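Breakdown of the fold
Take a look at the letters that make up each chain.
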Amino acid sequence: MRTPDTWRKSSFSGGGQGDACVEIAEGPTHISVRDSKAPARATLTFAAQAFTPFVDALKAPADAGSGA
(Lines give C-alpha, C1' and ligand atoms only; values in the text may rest on other atoms or scores of the structure.)
Protein backbone atom coordinates (compact mmCIF):
# COMPACT_ATOMS: atom_id res chain seq x y z
CA MET A 1 0.00 0.00 0.00
CA ARG A 2 1.14 3.51 -0.77
CA THR A 3 1.87 5.93 2.09
CA PRO A 4 -1.04 8.37 2.54
CA ASP A 5 -0.48 11.98 1.48
CA THR A 6 -3.05 13.78 3.64
CA TRP A 7 -2.93 13.41 7.40
CA ARG A 8 -5.19 15.11 9.96
CA LYS A 9 -4.98 15.23 13.75
CA SER A 10 -7.61 13.47 15.77
CA SER A 11 -10.27 15.60 17.39
CA PHE A 12 -9.29 14.35 20.87
CA SER A 13 -5.81 14.98 22.22
CA GLY A 14 -6.13 13.57 25.70
CA GLY A 15 -5.66 15.46 28.93
CA GLY A 16 -2.77 17.46 30.19
CA GLN A 17 -0.78 19.29 27.57
CA GLY A 18 -2.69 17.85 24.63
CA ASP A 19 0.37 16.01 23.38
CA ALA A 20 -1.22 12.55 23.10
CA CYS A 21 -2.35 13.04 19.50
CA VAL A 22 -2.60 10.64 16.66
CA GLU A 23 -3.08 11.52 13.03
CA ILE A 24 -5.21 9.63 10.54
CA ALA A 25 -5.28 9.45 6.77
CA GLU A 26 -8.30 8.08 4.97
CA GLY A 27 -8.19 6.34 1.62
CA PRO A 28 -10.91 4.63 -0.39
CA THR A 29 -10.19 1.19 1.13
CA HIS A 30 -7.85 1.79 4.09
CA ILE A 31 -7.35 4.10 7.07
CA SER A 32 -3.87 4.74 8.47
CA VAL A 33 -2.95 5.94 11.96
CA ARG A 34 0.35 7.38 13.20
CA ASP A 35 1.79 9.16 16.24
CA SER A 36 1.81 12.91 15.59
CA LYS A 37 4.99 13.32 17.67
CA ALA A 38 6.89 10.76 15.57
CA PRO A 39 5.32 10.74 12.09
CA ALA A 40 8.30 9.03 10.44
CA ARG A 41 7.95 5.99 12.71
CA ALA A 42 5.49 3.11 12.44
CA THR A 43 2.06 3.52 10.86
CA LEU A 44 -0.92 1.25 11.54
CA THR A 45 -3.10 0.60 8.51
CA PHE A 46 -6.59 -0.89 8.70
CA ALA A 47 -9.11 -1.98 6.14
CA ALA A 48 -11.79 0.74 6.25
CA GLN A 49 -14.46 -1.63 7.62
CA ALA A 50 -12.14 -2.66 10.51
CA PHE A 51 -11.34 0.86 11.74
CA THR A 52 -14.60 1.60 13.58
CA PRO A 53 -14.54 -1.70 15.55
CA PHE A 54 -10.89 -0.96 16.45
CA VAL A 55 -11.77 2.51 17.81
CA ASP A 56 -14.83 1.12 19.62
CA ALA A 57 -12.62 -1.48 21.32
CA LEU A 58 -10.25 1.27 22.49
CA LYS A 59 -13.17 3.19 23.99
CA ALA A 60 -14.65 0.16 25.78
CA PRO A 61 -14.09 -0.19 29.54
CA ALA A 62 -11.06 -2.35 30.36
CA ASP A 63 -13.20 -5.10 31.91
CA ALA A 64 -15.84 -5.22 29.11
CA GLY A 65 -14.28 -8.26 27.43
CA SER A 66 -13.44 -10.16 30.60
CA GLY A 67 -16.89 -11.64 31.13
CA ALA A 68 -16.74 -10.57 34.78
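It should be emphasised that the depicted structure is a prediction, and the values quoted were computed from it without experimental measurement.

All right, on to the overall build of the protein then. Helix and strand counts for the protein come out as 1 helix and 4 strands. Sorting the 68 residues of the protein into buried and exposed places 19% on the buried side. Considering only intrachain contacts with a sequence separation of at least 6, the fraction spanning at least 24 residues in the protein is 15%.

Summed over all chains, the structure comprises 3 salt bridges. Of the charged contacts in the structure, one is a salt bridge between Arg34 and Glu23, with a shortest N-O distance of 2.6 Å. Residue Arg34 is located in strand 3 (residues 30-35), and its partner Glu23 is located in strand 2 (residues 22-26); the two are separated by 11 residues in the primary sequence. This pair shows no difference in class: Arg34 is buried, exactly as Glu23 is. The residue Lys37 makes a salt bridge to Asp35 at a minimum N-O spacing of 3.7 Å. What makes Lys37 exposed here is its relative accessible area of 55%.

Our next topic: the sheet that holds strand 4 (residues 43-47). The strand order 1-2-3-4 describes an open sheet built from 4 strands, whose pairing is antiparallel. Bordering the open sheet on either side are strand 1 (8-9) and strand 4, each of which pairs with just one other strand. Of the strands in this sheet, strand 2, strand 3 and strand 4 touch helix 1 (residues 48-59), which is tilted by about 115° from strand 4.

In this structure, strand 2 lies alongside strand 3, joined through 5 bridges in antiparallel fashion. The residue bridging Val22 from the neighbouring strand is Asp35, located in strand 3. Between strand 2 and strand 3, which pair antiparallel in sequence order, lie 3 residues. Bridging between strand 3 and strand 4 involves 5 bridges; their strand directions are antiparallel. Within strand 4, the position partnered with His30 by the bridge is Ala47.

Parameters at a glance
- Residues numbered from 1 in each chain as written.
- Predicted model: local features only at pLDDT ≥ 70, side-chain atom pairs only at ≥ 80, totals over all residues.
- Heavy atoms only, no water.
- Helix = DSSP H or I, 4+ residues; strand = E, 2+ residues; numbered from the N terminus.
- Buried < 20%, exposed > 50% of the residue type's maximum accessible area, 1.4 Å probe, protein only.
- Contact = heavy atoms within 4.5 Å.
- Salt bridge = Lys/Arg side-chain N within 4 Å of Asp/Glu carboxyl O.
- Pairing = 2+ DSSP bridges.
- Axes fitted to C-alpha atoms, helices over the stretch in contact; angles between N-to-C directions.

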